[in-house]
2 protein chains.
Amino acid sequence: MHASTVVDNYATRNGDKCTKIARHDPVVWRPEYPGPLTAPDLVRYEDKGFHNIHDALSVSEIASCYNEISRLANSVDLQDDPRIVREKSSGEVRTIFDVHLLSEVVASIARRPDFLALARQILGTNAYIHQSRLNFKPGFTGGPFYWHSDFETWHAEDGMPTPRAVSISLALTPNYEVNGGLMILPGSHRTFVACAGETPSDYYKQSLVNDIPETGTPDHATLTSMADEFGIEQMVGPAGSATLFDSNCMHGSNGNITPYARSNLFIVFNSVDNSLEEPFSAPSSRPEFLAKHDFTALQPAF
Amino acid sequence: MHASTVVDNYATRNGDKCTKIARHDPVVWRPEYPGPLTAPDLVRYEDKGFHNIHDALSVSEIASCYNEISRLANSVDLQDDPRIVREKSSGEVRTIFDVHLLSEVVASIARRPDFLALARQILGTNAYIHQSRLNFKPGFTGGPFYWHSDFETWHAEDGMPTPRAVSISLALTPNYEVNGGLMILPGSHRTFVACAGETPSDYYKQSLVNDIPETGTPDHATLTSMADEFGIEQMVGPAGSATLFDSNCMHGSNGNITPYARSNLFIVFNSVDNSLEEPFSAPSSRPEFLAKHDFTALQPAF
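Here the structure is a predicted model, which is why all the values come from computation and not from measurement. (Residues numbered from 1 in each chain as written. Chains lettered and ligands numbered in written order. Predicted model: local features only at pLDDT ≥ 70, side-chain atom pairs only at ≥ 80, totals over all residues. Heavy atoms only, no water.)

Colleague: How would you sum up the overall build of chain A? Please name residues and give values.
Modeller: Across its full length, chain A holds 8 helices and 13 strands. Scaling as 2.2 N^0.38, a compact globule of 302 residues should have a C-alpha radius of gyration of about 19 Å, and chain A matches this with 18 Å. A principal-axis box enclosing the C-alpha atoms of chain A has dimensions of 50 × 45 × 40 Å. Contacts in chain A between residues far apart in sequence, at least 24 positions, make up 87% of those at least 6 positions apart. Summing over all exposed atoms, chain A offers an accessible surface of approximately 11400 Å²; the carbon and sulfur share of this is 53%. (Helix = DSSP H or I, 4+ residues; strand = E, 2+ residues; numbered from the N terminus. Rg over C-alpha atoms; globule rule 2.2 N^0.38 Å. Contact = heavy atoms within 4.5 Å. Areas by Shrake-Rupley, 256 points an atom, 1.4 Å probe, with all protein chains shown as cover.)

Here is the structure:
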């Protein structure tokens, strides 16, 4: 746990109340930093907290990546690996972490120079991969991911100082309106929700599986007021489409009874100026597969 | 159980395989029967199995009906009533049956002459109320309703001879794209899916609560082939909008983590020429709140 002399602008999980705090940091850190987004793109990102890309992956990347995912999900060697998280109800694969380390195919996507350039442009510095994961969301039995801000978890449990991180969600299957796509409250990234409760030991073992985690999620009244204020936008698009989003976006996704899996690959880029410290509100750090401690700037594989 | 000499065109739950059977009966029984739907409306209903109405309920009906529902859900007298079914995870109200008998307000809506006229026009006869229910689907914790054909259940467990019944789903809250609206496979009403397995005793006590009931639902391969063939259409509309749909439509709905409840009132009209017999594939009949045995033609309250 962090020394108490440090001023924490995002204090969370330290009381019995859920509180909204205005974001203390920029969203786009250095608008003059070069990159693929236009000035209007950056203004919209600053405003909404996300940016959609229609055709981020090629047809062959989608196919090879999806095959890799099936291979990993069915790999005998990985059956009891903690990086594979399963659906509580059906035992089907829910999430695979460290996919960029488990697969060369995913590694080459994660290191694509254009994705890194997007991340650098938003963050205004070099960046490294903080986490990668595949949310499989199988058909028929896919469970929901309840509302949360990634940054709230990464700050409390992994010691990430500020929301100077960006995720890219890459659709490996079509994200329809009906198969549990990513829902974001647009504009919510400018409000930090300090959550009630305390972080139990080894909390990640529950929180990654449970439909409604015990802590690290806003209460009903706060979520209602934010949804009323910001609305709810669902990311819909073909396989290969992508959403770049701020680490403090309030987001979640519904379950999926349709026959169509909604499988998305997430790569999280953190600024090299935002490297992890001690957890701000948890008894101990989480494993490396959830939060990397190698802060070396990523070099694009040109 | 039905005597084995009866020819059953919709034999179900009598083997270990799930089988598709072509519908043996009309969808619109007597197209010349007078009523509010136009000839093109009837052709579309015949084709897709449902018909949407934008403003079926007035603002005051929506408000009074919604208030009634809250009153019933919180009524001390009804806390242990079998007609109130609760969410397994949160204990919140999931479904209330017999709402047209529990509430004068709902009764007057259920008996609206225009709704009865729609039902009569589709069924080609007089009609009576076979069942009424409110699916509350609360915000944050609302569970899914897995894929099923109502008629498959009503035939197997309640002894309804043919799919000569029609439901009207009335939205008491907005049905958004993201709060678990009714999904129908358009055209699926012309295929009867005979389901695998047998009906356990008192099966309704499980099937009304479980996210994926043990029997009375198609297997994954059958659902996938039907969704591929027919597509999936989600019913979206403001409070007060309605969907009239055939009793053999394959339908279901996802769970709901949004703050917004998706509460719909369902009134089921059955043809007076289709009154219930013995169950076709269950050890005994279900209670009256699930399947009425008073087949008296409904008289509209003009």
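Colleague: A description of the environment of Asp 114 of chain A should follow, citing residues and the corresponding values.
Modeller: All names here are of chain A. Note that Asp 114 resides in helix α5 (residues 113–123). Separated by 78 residues in sequence, Asp 114 and Pro 36 place their C-alpha atoms 7.6 Å apart. Reaching out from Asp 114, the side chain makes a polar contact with the side chain of Arg 112 at a distance of 2.6 Å. (Polar contact = N/O pair within 3.5 Å; in protein donor to acceptor, adjacent residues only side chain to side chain.)

Colleague: Describe the relation of the copies chain B and chain A, and please don't skip the residues or the numbers.
Modeller: Placing chain B over chain A gives an RMSD of 0.0 Å and needs a rotation angle of 180°, together with 0.0 Å of translation along the axis. In the structure described here, the two chain copies are related by an operation that fits a two-fold rotation axis. Within chain B, the C-alpha atom positioned nearest to the axis of rotation is that of Gly 255 of chain B, 2.9 Å from it. (Least-squares fit on C-alpha atoms with pLDDT ≥ 70 in both.)

Colleague: Quick rundown of the environment of Leu 223 of chain A? Include the residues and the values.
Modeller: Along the polypeptide, Leu 223 of chain A turns up in helix α8 (residues 220–230). For the pair Leu 223 of chain A and Thr 191 of chain A, spaced 32 residues apart in the sequence, the C-alpha separation amounts to 12 Å. Other than its neighbours up to four places away in sequence, Leu 223 of chain A contacts Tyr 146, Trp 147, Pro 218 and Met 250 of chain A together with Phe 140 and Pro 259 of chain B.

Colleague: So what's going on with the sheet that holds strand β5 (residues 127–135) of chain B? Which residues, and what values?
Modeller: All names here are of chain B. In space, the 7 strands of this open sheet follow the order β2-β11-β7-β13-β5-β4-β3, with antiparallel pairing throughout. The sheet terminates laterally at β2 (50–53) and β3 (84–86), the two strands that pair on one side only. Sheet twist, expressed as the average angle between the axes of neighbouring strands with direction ignored, equals 15°. The strands that helix α5 (residues 113–123) touches are β2, β5, β7 (165–171), β11 (242–246) and β13 (264–271); relative to β13, the one it contacts most, it runs at about 45°. Relative to the sheet, helix α6 (residues 150–158) contacts β5, β7, β11 and β13, its axis offset from that of β5 by approximately 115°. (Pairing = 2+ DSSP bridges. Axes fitted to C-alpha atoms, helices over the stretch in contact; angles between N-to-C directions.)

Colleague: Quick rundown of the interface of chain B and chain A? Include the residues and the values.
Modeller: Counting residues at the interface gives 26 residues for chain B and 26 residues for chain A. When the area that chain B buries against chain A is broken down by residue, the three leading residues are Phe 140, Val 178 and Ile 257 of chain B, summing to 31%. Counting every contact that joins chain B to chain A gives 0 salt bridges. The tally of links from chain B across to chain A stands at 10 residue pairs in polar contact (both at pLDDT 80 or more). Elements supplying a minimum of two residues to the side of chain B that touches chain A: β6 (145–149), α8 (220–230) and β12 (250–253) of chain B. If one sorts the elements of the side of chain B that touches chain A by residue count, α8 of chain B sits on top with 5 residues. For the side of chain B that touches chain A, a count of residues per class yields 14 nonpolar, 10 polar and 2 charged. (Buried area = accessible area lost by both parts, 1.4 Å probe. Salt bridge = Lys/Arg side-chain N within 4 Å of Asp/Glu carboxyl O. Nonpolar A, V, L, I, M, F, W, Y, C, P; charged D, E, K, R; others polar.)

Colleague: Talk me through the pattern of salt bridges; I want residue IDs and the actual numbers.
Modeller: Residues and elements named next belong to chain A. According to the stated counting rule, one finds 34 salt bridges over all chains in the structure shown. For Glu 233, the salt bridge identified is with Lys 48, shortest N-O distance 3.2 Å. Note that Glu 233 is positioned in strand β10 (residues 233–234) and Lys 48 in helix α1 (residues 39–48), a separation of 185 residues in sequence. The exposure class assigned to Lys 48 is partly exposed, which follows from its relative accessible area of 26%. (Buried < 20%, exposed > 50% of the residue type's maximum accessible area, 1.4 Å probe, protein only.)

Colleague: Report on unusual backbone geometry, specifying residues and quantitative values.
Modeller: Residues and elements named next belong to chain A. In the Ramachandran plot, Lys 137 falls in the positive-phi region, its phi being about 40° despite a non-glycine side chain. Its place among the elements puts Lys 137 in the loop between β5 (127–135) and β6 (145–149). Exposure remark for Lys 137: the relative accessible area of 0% places this residue in the buried category. If you check the backbone angles, Phe 140 has positive phi at about 70° while not being a glycine. Position of Phe 140 among the secondary structure elements: in the loop between β5 and β6. In this structure Phe 140 comes out as buried when scored by relative accessible area, which is 7%.

Colleague: Account for the packing of aromatic side chains, naming residues and giving values.
Modeller: Residues and elements named next belong to chain A. Evaluated as defined, the whole model comprises 16 aromatic pairs over all chains. Pairing Tyr 10 with Phe 151 gives two aromatic rings, centres 5.2 Å apart and planes at 85°, and the pair type is edge-to-face. Here the residue Tyr 10 occupies a position in the segment before β1 (19–22), and Phe 151 occupies one in helix α6 (residues 150–158), the gap between them amounting to 141 residues. Its relative accessible area of 2% is what places Tyr 10 among the buried residues. For Arg 133, the ring lying beneath its charged end belongs to Phe 266, and the centroid distance is 4.3 Å. (Phe/Tyr/Trp six-rings, centres within 6.5 Å; stacked < 30°, edge-to-face > 60°. Lys NZ or Arg CZ within 6 Å of the ring centre and 35° of its normal.)

Colleague: Which residues make up helix α2 (residues 59–74) of chain B, and what are the values?
Modeller: Residue pairs three or four apart in sequence face the same way in an α-helix, which turns once every 3.6 residues. Residue and element names in this part refer to chain B. The end-to-end C-alpha distance of α2 is 23 Å, a good match for the 22 Å that 16 residues give at a rise of 1.5 Å each. Within the sequence span of α2, burial applies to Glu 61, Ile 62, Cys 65, Glu 68, Ile 69, Leu 72 and Ala 73. The buried residues of α2 occupy an angular sector of 135° when the element is viewed end-on, so they sit on one face. Relative to its buried face, α2 has exposed residues pointing more than 90 degrees away, namely Val 59, Ser 60, Asn 67 and Asn 74. In the core, the buried residues of α2 are packed alongside β3, β4 (93–97), α3 (99–102), α4 (104–110), β5 and β13. (Expected span 1.5 Å × (residues − 1). Arc of directions from axis to C-beta.)

Colleague: Tell me about the nonpolar core, and please be specific about residues and values.
Modeller: Membership of the largest hydrophobic core comes to 42 residues, with the highest contact counts inside it found for Phe 115, Ile 168, Leu 170, Leu 265 and Phe 269 of chain A. No other element matches α5 of chain A, which puts 6 residues into this core. Not counting chain neighbours up to four residues away, the residues in contact with Phe 115 of chain A comprise Ala 56, Leu 57, Ile 109, Ile 168, Leu 170 and Phe 269 of chain A. If you look at the next biggest cluster of nonpolar residues, it comprises 40 residues, including Ile 84, Ile 109, Ala 127 and Leu 172 of chain B. (Core = buried A, V, L, I, M, F, W, Y, C linked by side-chain atoms within 4.5 Å.)

Colleague: With reference to specific residues and values, describe the pairing of β11 of chain B.
Modeller: Each regular strand shows side chains that alternate between the opposite faces of the sheet. Residues and elements named next belong to chain B. Extensive coverage of β11 is indicated by the burial of 5 of its 5 residues. Residue alternation in β11 divides its side chains into two sets, Ala 242, Leu 244 and Asp 246 and Thr 243 and Phe 245, and both sets are buried. Here 4 bridges tie β2 to β11, and the two strands are oriented antiparallel to one another. Residue pairing in the sheet places Phe 50 in a bridge with Phe 245 of β11. As paired strands, β7 and β11 are joined by 5 bridges and run antiparallel to one another. Directly across from Ser 167, in β11, lies its bridge partner Phe 245.

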